[in-house]
Amino acid sequence: MTTIEIRPATVADAPLILEFIKDLASYEKLSEQVVATEELIVKNIFGPRPYAEVIFAYYGKTNEEPRPAGMALFFHNFSTFLGKPGLYLEDLFVKPEFRGVGIGKCLLVQLACIAKERQCGRYEWVVLDWNEPSLKFYEALGAKPQPEWIIHRVEGNSLDNLASM
């Protein structure tokens, strides 16, 4: 028999959060972009003003200690049209050896429950356009792509320049 248990992260999980971030970056071929540290995670997720939350999925077989198998990092945004908060999934990652056993679905369902509990008007995320397995998985769960929206980002020197105008 196997079990999947969803747990909220604690400050002691900062090293594990960073491990999952690095694993996700490697999967997305973006490892060189990771500058996060355990200290930044502690400050920005567990500090006086938390900017995000994390849940983990632990997978275990009978007579085995459950192991961390998946992670979801999320935060709230706000819909002006709905007049309600939204839940934004920033990162979802399931370790390769645990794929196909329901970890991702359990994490997504838990976040849907959190969104409903917190009276969010919507729950959304973005997916890399080349990630066909994830696109199909999300659509099978009822998620609908929003092709009319284009993400814009200002970072690094562009952010500095904009802020100094």
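Residues numbered from 1 in each chain as written. Predicted model: local features only at pLDDT ≥ 70, side-chain atom pairs only at ≥ 80, totals over all residues. Heavy atoms only, no water.

Chemist: Which parts of the structure should I look at to understand the nonpolar core?
Modeler: The tendency in soluble globular proteins is for nonpolar side chains to be buried as a group. The biggest cluster of nonpolar side chains holds 19 residues, and the ones touching the most others in it are Ala-72, Leu-87, Leu-92, Ile-103, Leu-107 and Leu-111. Contributing elements (two or more residues each) for this core: strand E2 (53–61), strand E3 (67–79), strand E4 (84–94) and helix H3 (103–117). Counting residues per element, this core draws most heavily on H3, which supplies 6 residues. Apart from the residues within four sequence positions on either side, Leu-107 is in contact with Ile-6, Ile-55, Phe-56, Ala-57, Gly-70, Met-71, Ala-72 and Leu-92. If you look at the next biggest cluster of nonpolar residues, it comprises 17 residues, including Ile-17, Phe-20, Ile-21 and Val-54. (Core = buried A, V, L, I, M, F, W, Y, C linked by side-chain atoms within 4.5 Å. Buried < 20%, exposed > 50% of the residue type's maximum accessible area, 1.4 Å probe, protein only. Helix = DSSP H or I, 4+ residues; strand = E, 2+ residues; numbered from the N terminus. Contact = heavy atoms within 4.5 Å.)

Chemist: How should I be thinking about the sheet that holds strand E5 (residues 122–124) in this particular structure?
Modeler: Strand pairing within a sheet occurs via backbone hydrogen bonds; the two strands may be parallel or antiparallel. With mixed pairing, 5 strands are arranged side by side in an open sheet as E1-E2-E3-E4-E5. The open sheet is flanked by strand E1 (2–8) and E5, the only strands paired with a single partner. Shown here is a sheet whose adjacent strand axes are inclined to one another by a mean of 25°, direction ignored. Each of E2, E3 and E4 touches helix H1 (residues 14–27); the most contacted strand, E3, lies at about 85° to it. (Pairing = 2+ DSSP bridges. Axes fitted to C-alpha atoms, helices over the stretch in contact; angles between N-to-C directions.)

Chemist: Help me understand the environment of Pro-66 in this model?
Modeler: Residue position: Pro-66 is located in the loop between E2 and E3. Pro-66 sits in the partly exposed class, given a relative accessible area of 24%. Through-space distance from the C-alpha of Pro-66 to that of Glu-5 is 8.2 Å; in sequence the pair is 61 residues apart.

Chemist: Is there a simple way to explain a nonpolar patch on the surface in this structure?
Modeler: Together, Val-154, Leu-159, Leu-162 and Met-165 make up an exposed nonpolar region whose accessible area comes to about 440 Å². Within the secondary structure, Leu-162 is located in helix H5 (residues 156–163). Residue class for Leu-162 comes out partly exposed when judged on its relative accessible area of 48%. (Patch = residues over 30% accessible without salt bridge, like charges linked within 9 Å, V, L, I, M, F, W, Y side chains within 5 Å. Areas by Shrake-Rupley, 256 points an atom, 1.4 Å probe, with all protein chains shown as cover. Salt bridge = Lys/Arg side-chain N within 4 Å of Asp/Glu carboxyl O.)

Chemist: What should I look at first to understand H3 in this one?
Modeler: Side chains of residues three or four places apart in an α-helix project in the same direction, reflecting 3.6 residues per turn. When the terminal C-alpha atoms of H3 are compared, their 21 Å separation across 15 residues agrees well with the 21 Å that a helix rising 1.5 Å per residue should span. Listed as buried for H3 are Ile-103, Gly-104, Leu-107, Leu-108, Leu-111, Ile-114 and Ala-115. Across the axial projection of H3, the buried residues extend over an arc of 130°, all falling on one side. When the buried face of H3 is taken as reference, the exposed residues oriented beyond 90 degrees from it are Lys-116 and Glu-117. Lining the buried residues of H3 we find E1, E2, E3, E4, E5 and helix H4 (132–140). Once H3 finishes, Gln-119 follows within two positions and takes phi at roughly 60°, a positive value. (Expected span 1.5 Å × (residues − 1). Arc of directions from axis to C-beta.)

Chemist: How should the pairing of E3 be read in this particular structure?
Modeler: Moving residue by residue along a regular strand, the side chains alternate between the two faces of the sheet. By the bridge criterion, 7 bridges tie E2 to E3 in an arrangement that is antiparallel. Bridging from a neighbouring strand, Ala-57 pairs with Gly-70 of E3. In textbook terms, the turn of a hairpin is the stretch between consecutive antiparallel strands, and for E2 and E3 this stretch comprises 5 residues, one of which, Asn-63, has a positive phi near 65°. Where E3 and E4 come together, 10 bridges link them in antiparallel fashion. Bridge pairing in E4 links Phe-74 to Leu-89.

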